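Structural description and commentary
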Amino acid sequence: MAKSKFEYVRNFELDDTCLRNCYIVVRLDGRNFHKFSEQHNFMKPSDNRALGLMSRSARSVMEELEDITIAYGQSDEFSFVFKRSSTWFKRRASKLMTHVTSQFSSSFVYYWKEYFGEQPLLYPPSFDGRVVLYPSNRNLRDYLSWRQADCHINNLYNTTFWTLVQKGGLTTTQAEERLSGTQAADKNEILFSEFNINYSNESPLHKKGMTLIWEKVNETTTKLIKRPDEGETEINVTRTRKKVTSHSCDIIGDQFWEEHPDILESDQ
Ligand code: DGT
Ligand code: MG
Ligand code: MG
Ligand code: MG
Ligand code: MG
């Protein structure tokens, strides 16, 4: 087909190919979720409906898009890791990022009712996205450790803060003053000595966030088969299928990575 005289405008497009061999991480984060969580009556400090919906939307991203090996989420954010050898969309950063954020956003709305029931969605939520490249397994693990450490720090703070308010009768300003300058050990101590709460017994989902990976699972279904002489009989059929599974476990230490050696590709 002959080219039009307008064709030259294509040359204004920038090349945003992600460097080879690097893990491509897309992190998305809810826009102004401070307001969104208030308006939709999220439980404080953490709302299991909201976390469930985040996890469901992340699963949809992993199932619909190619080459994502692990995803980690907490609060209003989720990080998706594309395998370092991925050639999906020629590794174009803008394509990967926009597909992740739009698939996630539409899933968040699509599955809203499954998690929030009678609580209506009052306005269309949105998520920002960014792309970061990590050239080594150490860098990628440190990135994920950073997000999980952030989850822990925020959850300990928020748990103590809302306990002081909800059970201790403090105003939010008083609780803020009480916690200013405190270390993790101080917050654990406040929870334990004043409210008889052992932080280590709190929900792993809130303390560790959500880690989604692909795993092989056995699925057994019953099938009706027809045999010429015996008529219909039911038999069990077991198939191995790859499925996205969610875990609220430590991903900072080595154990998780030793148990799932397929997530990382060797450094070379
Ligand atoms: P941004 O990201 O700059 O547009 O602004 P925000 O407001 O989304 O700020 P961000 O992402 O730093 O913090 C997340 C907010 O979402 C924070 O105000 C707490 C709120 N949030 C997230 N998950 C929950 C939850 O499960 N329960 C409650 N009550 N709030 C939550
Ligand atoms: Mg922010
Ligand atoms: Mg946000
Ligand atoms: Mg956030
Ligand atoms: Mg098109």
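Quick caveat, the model's predicted, so the values are computed rather than measured.

Moving on to the sheet that holds strand S3 (residues 77–82). If you trace the 6 strands from one edge of the open sheet to the other, you get S4-S1-S3-S2-S5-S6, paired in antiparallel fashion. Bordering the open sheet on either side are strand S4 (127–134) and strand S6 (231–247), each of which pairs with just one other strand. Ignoring strand direction, the axes of neighbouring strands in this sheet form an average angle of 25°. Where strand S2 (residues 68–74) meets strand S5 (residues 210–227), 4 bridges bridge the pair, whose relative direction is antiparallel. In the sheet register, Gly73 faces S5, and the bridge partner there is Met210. Those strands touched by helix H3 (residues 93–110) are strand S1 (23–30), S3 and S4, and its axis lies near 140° from that of S4. Each of S1, S2, S3 and S4 touches helix H5 (residues 137–166); the most contacted strand, S2, lies at about 25° to it.

Ranked by internal contacts, the top residues of the largest apolar core, which has 33 residues, are Phe78, Phe80, Phe82, Val100, Phe104, Phe108 and Leu212. Sorting the residues of this core by element identifies S1, helix H1 (33–39), helix H2 (48–64), S2, S3, H3, helix H4 (112–116) and S5 as the ones contributing at least two each. If one sorts the elements of this core by residue count, H2 sits on top with 7 residues. Among the nonpolar cores identified, the runner-up in size contains 16 residues, and Val25, Cys151, Ile251 and Trp257 belong to it.

This brings us to the site of ligand 1. Around ligand 1, the surrounding shell holds 15 residues, and the nearest of these are Asp29, Asn32, Phe33, His34 and Asp47. Between a nitrogen atom of ligand 1 and a main-chain N or O atom of Met43, the distance comes to 3.0 Å. In the model, a nitrogen atom of ligand 1 is placed 3.2 Å from a nitrogen or oxygen of the Pro45 main chain. In isolation ligand 1 exposes 630 Å². Once the protein is present, 65% of that is buried. Those elements giving two or more residues to the shell around ligand 1 turn out to be S1 and H1. At 3 residues, the largest contribution of residues to the shell around ligand 1 is made by H1. Here the shell around ligand 1 is built from residues that sort into 4 nonpolar, 6 polar and 5 charged.

On to the coordination of the magnesium ion (ligand 3). Coordination of the magnesium ion (ligand 3) by the protein is provided by Asp29 (OD), Gly30 (O) and Asp76 (OD), with metal-donor distances spanning 2.0 to 2.2 Å. Around the magnesium ion (ligand 3) sit 6 donor atoms; with metal-centred angles ranging over 80 to 179°, the donor geometry is octahedral. Mapping the donors of the magnesium ion (ligand 3) onto the primary sequence gives the spacing D-G-x45-D. The magnesium ion (ligand 2) is placed at 4.6 Å from the magnesium ion (ligand 3).

The next subject is the pattern of salt bridges. According to the stated counting rule, one finds 13 salt bridges in the structure shown. Arg49 serves as the salt-bridge partner of Asp47, at 2.7 Å between the closest nitrogen and oxygen. Under the relative-accessibility criterion, Arg49 is labelled partly exposed at 27%. Among the ionic pairs, Arg147 bridges to Asp150, the shortest N-O distance being 3.3 Å.

Applying the stated criterion across every chain, the model contains 25 aromatic pairs. Each ring, one from Phe108 and one from Trp112, has its centre 6.0 Å from the other, and the planes form 50°; the classification is tilted. The exposure class of Phe108 is buried, given its relative accessible area of 1%. What links up through ring pairs into an aromatic cluster is the set Phe33, Phe36, Phe42, Phe78, Phe80, Phe104, Phe108, Trp112, Phe116, Tyr123 and Phe127. Its guanidinium or amino end placed over the ring of Tyr123, Lys35 lies 4.9 Å from that ring's centre, counting from NZ or CZ. Just above the ring of Tyr199 sits the side chain of Lys207; from NZ or CZ to the centre is 6.0 Å.

About the thresholds
Residues numbered from 1 in each chain as written. Chains lettered and ligands numbered in written order. Predicted model: local features only at pLDDT ≥ 70, side-chain atom pairs only at ≥ 80, totals over all residues. Heavy atoms only, no water. Pairing = 2+ DSSP bridges. Helix = DSSP H or I, 4+ residues; strand = E, 2+ residues; numbered from the N terminus. Axes fitted to C-alpha atoms, helices over the stretch in contact; angles between N-to-C directions. Contact = heavy atoms within 4.5 Å. Core = buried A, V, L, I, M, F, W, Y, C linked by side-chain atoms within 4.5 Å. Buried < 20%, exposed > 50% of the residue type's maximum accessible area, 1.4 Å probe, protein only. Near = heavy atom within 4 Å. Polar contact = N/O pair within 3.5 Å; in protein donor to acceptor, adjacent residues only side chain to side chain. Areas by Shrake-Rupley, 256 points an atom, 1.4 Å probe, with all protein chains shown as cover. Nonpolar A, V, L, I, M, F, W, Y, C, P; charged D, E, K, R; others polar. Donors = N, O, S within 2.8 Å, 3.2 Å for Na, K, Ca; no water. Tetrahedral: all angles 85-135°; square planar, octahedral: opposite > 155°, others 65-115°. Salt bridge = Lys/Arg side-chain N within 4 Å of Asp/Glu carboxyl O. Phe/Tyr/Trp six-rings, centres within 6.5 Å; stacked < 30°, edge-to-face > 60°. Lys NZ or Arg CZ within 6 Å of the ring centre and 35° of its normal.

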